Every structure is written in structure tokens, then in C-alpha cells.
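Structural description and commentary
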Amino acid sequence: MSSRLRRILLLAAIALGAAGCATGPTVTVSQPLAESADAPYRNILVVCLFSSFDARRYLEDEIVKRLEELGVSAVASTSMMDTRTPVVAKTFIDMVDEIGADALLLTQLTSYGAQQEEVDARPEATVNYWPTYYWNVFAVELTEYVEPPRLQIEHSLVLATQLYSVESREPVWGIDSSSSFTEIEEDGLQYSVFEDEADAVVGQMRRSDVITRR
């Protein structure tokens, strides 16, 4: 294998690896479960407040899925509203009353940063060869196909999650979760980001005895 072809294949491997690079959230307990809390909670309204309705829905659905797997009743707020519904306190209070929730889980974005740079797209090469009139000598033709550069975005964010007791109307537990991940703009955001965040939130809820262990 020629040094030039070896370099092409190496660049392809690097580009493929960068596209899937991500790390799971790092969780810090910002508010231990209050002694006065009426935990464990069994019926939770899950609310995420982001600028994107779809992002809210994705994370809420993943959190609800994990809570239900643990035997906890949970409802995503986005399942009871649409993009025209006012995002105000009364909206969520009415939801709490409608489903008879004993707690409200609220997640908000508190810090966000992004760095972007152009990276070479994954190159491809076609190699053709054929024999010549000389013994054991071949003619080789190498054709490279290189797409335009792609925009790679390095995201870093912090989400704050608080659990409110419906009975006391006070926050009784909270965490901060920090994440960093790489996105290729043309490919869009990987859905695993929402799955990882939901794993972190519900996992810490179990460890903190916010919900019944199962």
C-alpha cells in the first residue's frame, strides 16, 4: 500500500470517529433530598423548558420512559400541549391538577457554549490496476473523491433539574448535569444525547431515593 493511500484511509478513520464522539453527562447534586420531602414520589409531571419544542419533547419522553420502567407513573408536559400553548406557570399547574401529580420534575438549560470549525469530509478513493508487458509490473490509477468541508460543532452545556413537591410547592431535590458532545451540522444532533441525559437524571433520582427503588 502506498504512503498516499495509507494517508487517505487514516483520514477517513479519523473523520468517522469524530462524527460519533460524545461523552455522557456528569452529574452534581445541587440540592440533596430535603428531610421534609414527602418522597418517594409516584406520579410525576415531567417538564423541560428549552427554546425548541422538539428538544423538550424528546427529553421529556425519554425521562418518562425510564420512570415508567421503574414503576413510577409519569407524564410528559409536551403530550398535553402543542407549540401554541402558553409556557407559563398556570399551564403546568393545570396539568398537575389534571393528572393528580404529587411532584413536578423541571429541567432547564443554565449554560451553553459552542465552538465550530470546518473539517474535511470523509475522503474516498478508487484504485484500478492492470498488468503491463513487463513481468510482475502493474500500472496503477488512483482516483480521489473529496466532498466539500463540513461544519463540526463542539457543544458544551449544563442542565439544571429540580423536583418540586406538589404538597409543599417547594423544590425538594436538584441536580446539575454537564455534557459535551460533537455534532456534524449536516448530520444533525444525535438522539443519543437525549437518552444519555435521561439516564443521568433518572439514575440519580433512584440513588437519591426520590422515587421508589425497583
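About the thresholds
Residues numbered from 1 in each chain as written. Predicted model: local features only at pLDDT ≥ 70, side-chain atom pairs only at ≥ 80, totals over all residues. Heavy atoms only, no water. Helix = DSSP H or I, 4+ residues; strand = E, 2+ residues; numbered from the N terminus. Expected span 1.5 Å × (residues − 1). Buried < 20%, exposed > 50% of the residue type's maximum accessible area, 1.4 Å probe, protein only. Polar contact = N/O pair within 3.5 Å; in protein donor to acceptor, adjacent residues only side chain to side chain. Phe/Tyr/Trp six-rings, centres within 6.5 Å; stacked < 30°, edge-to-face > 60°. pLDDT = per-residue confidence, 0-100. Contact = heavy atoms within 4.5 Å. Axes fitted to C-alpha atoms, helices over the stretch in contact; angles between N-to-C directions. Parallel < 35°, antiparallel > 145°, perpendicular 65-115°, else oblique. Left-handed = near helix turned anticlockwise from the far one by under 90°. Nonpolar A, V, L, I, M, F, W, Y, C, P; charged D, E, K, R; others polar.

What follows concerns helix α2 (residues 53-69). In this model α2 runs 24 Å from its N-terminal to its C-terminal C-alpha over 17 residues, within 8% of the 24 Å that 1.5 Å per residue would give. Of the positions making up α2, those classed as buried are Phe 53, Ala 55, Arg 56, Leu 59, Glu 60, Glu 62, Ile 63, Val 64, Arg 66 and Leu 67. N-cap assignment for α2: the residue whose side-chain oxygen lies 3.4 Å from the backbone N of Asp 54 is Ser 52. Among the residues trailing α2, Gly 71 stands out with phi positive, at a value near 85°.

The terminal C-alpha atoms of helix α4 (residues 192-207) lie 22 Å apart, and with 16 residues this matches the ideal 22 Å at 1.5 Å per residue to within 8%. Looking only at α4, the buried set comprises Val 193, Phe 194, Glu 197, Ala 198, Ala 200, Val 201, Val 202, Gly 203, Gln 204 and Met 205. Count one or two residues on from α4 and you reach Asp 209, which has phi positive near 60°.

Turning next to the packing of aromatic side chains. Scanning the entire structure with this criterion turns up three aromatic pairs. Pairing Tyr 58 with Tyr 191 gives two aromatic rings, centres 5.5 Å apart and planes at 75°, and the pair type is edge-to-face. With a gap of 133 residues between them, Tyr 58 in helix α2 and Tyr 191 in the loop between β8 (171-184) and α4 connect regions that are remote in the sequence. A relative accessible area of 26% places Tyr 58 in the partly exposed class. Judged by its relative accessible area of 34%, Tyr 191 falls in the partly exposed class. With 5.3 Å between their ring centres and 70° between their planes, Tyr 58 and Phe 194 make a pair best called edge-to-face. Within this pair, whereas Tyr 58 is found in helix α2, its partner Phe 194 is found in helix α4, the two being separated by 136 residues in sequence. The exposure class assigned to Phe 194 is buried, which follows from its relative accessible area of 11%.

With that out of the way, let us pick up the confidence of the model for the protein. Low pLDDT means the predicted atomic positions in that stretch should not be read closely. Confidence along the protein averages 80 in pLDDT terms, with 68% of residues attaining 70 or more. The least confident element of the protein, judged by mean pLDDT, is helix α1 (residues 3-19) at 36; the most confident is strand β3 (residues 73-76) at 98. Predicted confidence is poor over residues 1-22, with pLDDT under 50, and the contacts of this stretch with residues over four places away or in other chains come to 27 contacts.

Turning our attention to the packing of α2 against α4. Close contact between α2 and α4 brings their axes to 9 Å; oriented N to C, the two are set at 45°. Relative to α4, α2 is oriented oblique. Regarding α2 and α4, the two cross each other, and that crossing is right-handed. Contact residues: Ala 55, Tyr 58, Leu 59, Glu 62, Ile 63, Arg 66 and Leu 67 in α2; Phe 194, Glu 195, Glu 197, Ala 198, Asp 199, Val 201, Val 202 and Met 205 in α4. A per-class count over the contact of α2 with α4 returns 10 nonpolar, no polar and five charged.

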